[in-house]
Each structure stands twice: as C-alpha cells, then as structure tokens.
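Per-entry structural report
Now for the letters of each chain:
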Amino acid sequence: QAVSRLLSYKGDRHRQVAIVVANHQMAEKYVDINKIADNLYQNFLPGPITVISNSGTLVNSGTINIYNYGHITNYGTITNSGTISGGIDIDSTTGAITLAGDLVTTGAASSAAATASAGGAVTIDTTNSTIGLANITSSGGANTNAGAFNGGAAGAITITTGSNNIITLNASTLTAAGGASTGGTQGAGATINFDDPVSLATGGVTISTGATAGNITFDQTLDGAQTLALTSGTGNIIFTGIVGATP
C-alpha cells in the first residue's frame, strides 16, 4: 500500500521506484541479479551506487494483491541496446492473486540497422486458487530505421489457476503485440493463453495480439455479461470450451 501511495503522488503509474536493500540476499528477493550486478554488489556495495535490475519472480505461499497504482513495469530503456525486456512471473502456491494495477513489459527500441528488441513474457499462476486481472501489456520495441528492419516481438501472456478455478477479467485490456516499424514489418505478436475458465466481471474486455502473428486461446469456458473485443491479426482465436452461459 505504501508503494501504491508513492506512485499516486508521482502522478505516473508506470514510473519505476528505487528500493534500498540491506544486502545482496535481500536484493535477490525482488530482482534478477546478473553477473554485472553481482560484481557491483560484491565489490562496491555498500556505497553510493544504484544498481538497475529486472524485476524477479514473485512467489508467495498466501494471497497476492496488487492494488491500484501498484504497477509492475519492465522496460528495455536504452535505444539500440538490444535489451530484451525482463519477464514478469507471479506465482502463488496456496492463495489467490488479485491484480488491480498494470503489468507492462516492453523491449528496447531501435533506430539502427537491426531488429528491435523483444518484450518479456508474462506468466501468472496459482497452485489451486483464483486469479483476478486488470491490464497486461507485453510489446516489442519500436524500430524507427527507414530501412527494412522489423519491430521487436512481443512476449507470451499465460494465465493458469492450476485446478479449474476462475480467471476474472475486470474491464481488462490484455495486449501482446509486436513493436511498430518505420521501414520494415511490425514485430510478431505472441500467444495469450487462458488455461482455466474465464469470467468477464466488471466491464468490457479487450484482448489483442496485434496485426501480426499470435493466437488467443481459451482452454476452458468463457462467460460473463460484458463486451469482449478480440484481435489476433494473422493468428487464430481458439475456444475450447463453452462460450456464454456455462452449464
């Protein structure tokens, strides 16, 4: 709740926030530490250094709640760096997951003679409980080079409750679209997959993999008295279970 209030004061729900940690072991609870970051921790900290890392996997044995303004954002921020955005992986072993904030992962943009970077995958799963979602976006980086160089590919979005529990979409927008390109082709969209029954709860829902590849798959039933807009470009939209009133 404190982080949610801080982001509301900043007025930018996608702005990243610095955290202070006591040691290397504490940092590992919140972020992925690569070899460069590990070297900084081992040789220069404690000290006047800020280490920027991708967010790590959130694992919990109870309920996970992310409230309004409590967003998770991963950006490949440096143009032409070739940086693939970090993925977002939220796991709960026993409790429910309720996300009212946004999840965003975007690959680094490119103005060079190369394909822009890919967005990270988003995976949300429980062992045996419900999942409630707001907005999720995985997108490839844009390519502004005038040549025939493509935008980056999106990362897949996968939602599973583990045991046929309900996935609730609350006026949600879910997007897994490739990055735009000035002279080439838009990057490939990615699969958006719901492994368990889906309920449209509080408002209209939009799900898109963009204008290129990327399937949208509902592995079980889909129900709810709300509008649903689906766009899969050159991909497929797959309904495995009943659509509408469930038996």
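Above: the structure in question.
Basis of the calculations
Residues numbered from 1 in each chain as written. Predicted model: local features only at pLDDT ≥ 70, side-chain atom pairs only at ≥ 80, totals over all residues. Heavy atoms only, no water. Helix = DSSP H or I, 4+ residues; strand = E, 2+ residues; numbered from the N terminus. Buried < 20%, exposed > 50% of the residue type's maximum accessible area, 1.4 Å probe, protein only. Contact = heavy atoms within 4.5 Å. Areas by Shrake-Rupley, 256 points an atom, 1.4 Å probe, with all protein chains shown as cover. Phe/Tyr/Trp six-rings, centres within 6.5 Å; stacked < 30°, edge-to-face > 60°.

1. Quick word on the overall build of the protein chain
- When helices and strands are counted, the protein chain shows 3 helices and 19 strands.
- Every one of the 247 residues in the protein chain was classed for burial, and the buried ones make up 40%.
- Within the protein chain, residue pairs in contact and separated by at least 24 positions form 66% of the contacts whose partners lie at least 6 positions apart.
- A total of about 12,000 Å² of accessible surface is found on the protein chain, and carbon and sulfur atoms cover 53% of it.

2. Remarks on the side chain of Ser232
- In this structure, Ser232 sits in the loop between strand 18 (228-231) and strand 19 (237-239).
- When its relative accessible area of 8% is taken as the criterion, Ser232 is described as buried.
- Setting aside anything within four residues of it in sequence, one finds Ser232 in contact with Thr209, Gly210, Thr212, Gly214, Ile216 and Ile237.

3. Considerations on the packing of aromatic side chains
- For the structure shown, the criterion picks out 2 aromatic pairs.
- Plain terms: the ring middles of Phe194 and Phe218 are 5.0 Å apart, the flat faces sit at 10° to each other, and that makes the pair stacked. Residue Phe194 is found in strand 13 (residues 192-194), and its partner Phe218 is found in strand 16 (residues 216-218); the two are separated by 24 residues along the sequence.
- On the basis of relative accessible area, Phe194 is assigned to the buried category, the value being 0%.
- Between the aromatic rings of Phe218 and Phe239, the centroid separation amounts to 5.4 Å while the plane-to-plane angle is 5°, which identifies the pairing as stacked.

4. A short note on unusual backbone geometry
- One non-glycine residue with positive phi stands out, namely Asn164, at about 60°.
- Checked against the element boundaries, Asn164 lands in the loop between strand 10 (157-160) and strand 11 (167-169).
- The class for Asn164 is exposed, based on a relative accessible area of 52%.
- A positive phi angle is found at Ala171, which is not glycine, with a value near 50°.
- Mapped onto the fold, Ala171 is located in the loop between strand 11 and strand 12 (173-177).

5. Some points on the environment of Ile36
- The topology assignment puts Ile36 in helix 3 (residues 35-44).
- Each C-alpha atom, one on Ile36 and one on Val51, is 9.4 Å from the other, the two residues being 15 residues apart in sequence.

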